[in-house]
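Overview (structure and organization)
Here's the letter readout for the chains.
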Amino acid sequence: ALLQRVTGLSARVSARVLAELAGRRQRLEPVSDLPGMAAHEAALRQGRWLPLDEIVPGAVGLLRDRPELVTDLGLDWIGVDEYQDINQAQYELIRLLAPNGRGLTVIGDPDQAIYGFRGSDVRYFLQFTRDFPGAITVGLDTNFRSSGAIVKASAQVMAPGRSALSASVRSAAGPGVQVRAEGLP
């Protein structure tokens, strides 16, 4: 039911996709002999459940093996937030679902990529227009919350690590009060 609510898929299609993923999971052997792991794996198989960290890689494998499912899903659009923090499996899933970028909306800021420690790679953001030629790129360059002084100060602080896609941001909130930065020992 959650898959249906989140994606708008019909009951038939969502049940088919989940059954296929769970069936693939059931064929896997337990990955560890740690105490309790066998019981955990048995409960997963019995309930035909997937652990959270296997959902995206499982979907990638399924769609590679059964590309007709992409059509069956009937997705008109796909939205991805925090695109700068996607990992390889998430990138591959997006490529399978929207190979040319039509109907794909991503939102992100390459200067805010923070999940490299868990496999995300800002390069996917930087090569977006090459990888998805059918997508339209819209830069957001107006800050509606912060004063001009804050926007200018933040740009100066971030300048050394800015990416090739960094936007010049302007403030819609007026100049504001002068910011004074002080170094710490």
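Throughout, a residue's number is its position along its own chain's written sequence, starting from 1. Local features in this predicted model are restricted to residues whose pLDDT is 70 or higher, and side-chain atom pairs enter the listing and the counts only when it is 80 or higher, whereas totals over whole chains, interfaces and linings include all residues. Hydrogens and water molecules were not included; the side-chain quantities draw on all heavy atoms of the structure.

**Here we look at the packing of helix α4 (residues 52-65) against helix α6 (residues 88-97)**
At a minimum axis separation of 9 Å, α4 and α6 run at an interaxial angle of 35°. In this structure, α4 crosses over α6, and the sense of that crossing is left-handed. Every residue of α6 that contacts α4 at Val56, Pro57, Ala59, Val60, Leu63 and Arg64 is listed here: Ala89, Gln90, Glu92, Leu93, Leu96 and Leu97. All amino acids are sorted into three groups, where Ala, Val, Leu, Ile, Met, Phe, Trp, Tyr, Cys and Pro are nonpolar, Asp, Glu, Lys and Arg are charged, and the leftover types, Gly among them, are polar. Of the residues that constitute the contact of α4 with α6, the class distribution is 9 nonpolar, 1 polar and 2 charged. The convention used is that axes are lines fitted to C-alpha atoms, helices contributing only their stretch in contact, and that angles between N-to-C directions extend from 0 to 180 degrees. In this description a helix means any DSSP run of H or I spanning at least four residues, a strand means any run of E spanning at least two, and both kinds are numbered starting from the N terminus. By the definition used in this description, the sense in which the near helix is turned from the far one sets the handedness, with an anticlockwise turn below a right angle giving left-handed and a clockwise turn giving right-handed. Two residues form a contact once any of their heavy atoms are found within 4.5 Å.

**A closer look at the nonpolar core**
Val80, Tyr83, Ile86, Ile94, Leu104 and Phe132 are the most contacted members of the largest nonpolar core, which has 13 residues in total. Mapped onto this core, the elements with two or more residues apiece are β1 (78-80), α6 and α7 (123-126). When neighbours within four sequence positions are excluded, Val80 is seen to be in contact with Ile86, Ile94, Leu104, Thr105, Val106 and Ile107. Judged by nonpolar contacts, the second largest core, of 6 residues, contains Val60, Leu63, Leu69 and Leu93. By nonpolar core we mean a set of buried residues, namely Ala, Val, Leu, Ile, Met, Phe, Trp, Tyr and Cys, connected to one another through side-chain atoms within 4.5 Å. Relative accessibility thresholds used throughout: buried, under 20% of the residue-type maximum; exposed, over 50%; partly exposed, between the two (1.4 Å probe, protein chains only).

**Describing the pattern of salt bridges**
Whenever Lys or Arg places a side-chain nitrogen within 4 Å of a carboxyl oxygen from Asp or Glu, that contact is recorded as a salt bridge. Under the criterion given, the structure shown has 4 salt bridges. A salt bridge links Glu92 to Arg64, with the shortest nitrogen-to-oxygen separation between them at 2.2 Å. Linking Glu92 in helix α6 with Arg64 in helix α4, this pair joins segments that are 28 residues apart in sequence. The shortest N-O distance in the salt bridge between Glu68 and Arg66 comes to 2.8 Å. For Glu68, a relative accessible area of 36% translates into the label partly exposed. A relative accessible area of 23% places Arg66 in the partly exposed class.

**Remarks on the side chain of Ser120**
With respect to the helices and strands, Ser120 occurs in the loop between β2 (104-106) and α7. Any pair of N or O atoms that falls within 3.5 Å is considered a polar contact. Within protein, one atom must be able to donate a hydrogen and the other to accept it, and sequence-neighbouring residues count only if both atoms are side-chain atoms. A polar atom in the side chain of Ser120 sits 2.8 Å from the backbone oxygen of Tyr115. A polar side-chain atom of Ser120 sits 3.1 Å from the main-chain amide nitrogen of Gly116. Here Ser120 is in contact with Gln84, Asp85, Ile86, Asn87 and Tyr115, once residues within four sequence places are set aside.

**What to know about the confidence of the model for the protein**
Every residue gets a pLDDT, meaning the predictor's confidence in that residue, from 0 to 100. Mean pLDDT over the protein: 78, with 76% of residues reaching 70 or higher. Of all secondary-structure elements in the protein, the lowest mean pLDDT belongs to helix α1 (residues 2-7), at 44, while α6 reaches the highest, 92. Considering only residues more than four positions removed or in separate chains, one finds that residues 1-8, a stretch of pLDDT under 50, has 8 contacts.

**Some details on a nonpolar patch on the surface**
Where nonpolar side chains cluster on the molecular surface, the patch consists of Ile136, Val138 and Leu140 and spans about 400 Å² of accessible area. If you trace the backbone, Leu140 turns up in the loop between α8 (128-131) and β3 (142-143). On the accessibility criterion, Leu140 (69% relative accessible area) is exposed. Each patch is built from salt-bridge-free residues with over 30% relative accessible area, joining like charges within 9 Å and nonpolar side chains (Val, Leu, Ile, Met, Phe, Trp, Tyr) within 5 Å. Accessible areas in this description were obtained via Shrake-Rupley with a 1.4 Å probe; residue shielding takes into account the shown protein chains only.

**Overview of the packing of aromatic side chains**
Think of a pair of aromatic rings as described by two things: how far the centres are apart, and how the planes are tilted against each other in angle. Centre distance within 6.5 Å is the pairing criterion for rings of Phe, Tyr and Trp, where only the six-membered ring of Trp is used; planes under 30 degrees apart are then read as stacked, over 60 as edge-to-face, and the remainder as tilted. For the coordinates displayed, the defined rule picks out 6 aromatic pairs. The interplanar angle of 80° and the centroid separation of 5.5 Å between the aromatic rings of Tyr83 and Phe128 together place this pair among those described as edge-to-face. In this pair, Tyr83 sits in the loop between β1 and α6 while Phe128 sits in helix α8, placing the two residues 45 residues apart along the sequence. Phe128 shares its class with Tyr83; the two are buried. Consider the rings of Tyr115 and Phe117, whose centres lie 5.7 Å apart with planes at 50°: the pair is tilted. On the basis of relative accessible area, Tyr115 is assigned to the partly exposed category, the value being 26%. Taken together, the ring pairs connect Tyr83, Tyr91, Tyr124, Phe125, Phe128 and Phe132 into an aromatic cluster. The ring of Phe132 has Arg95 lying over it, and the distance from NZ or CZ to the ring centre is 5.1 Å. Charges are assigned to positions over rings by a cutoff of 6 Å between ring centre and Lys NZ or Arg CZ, combined with an angular limit of 35 degrees from the ring normal.

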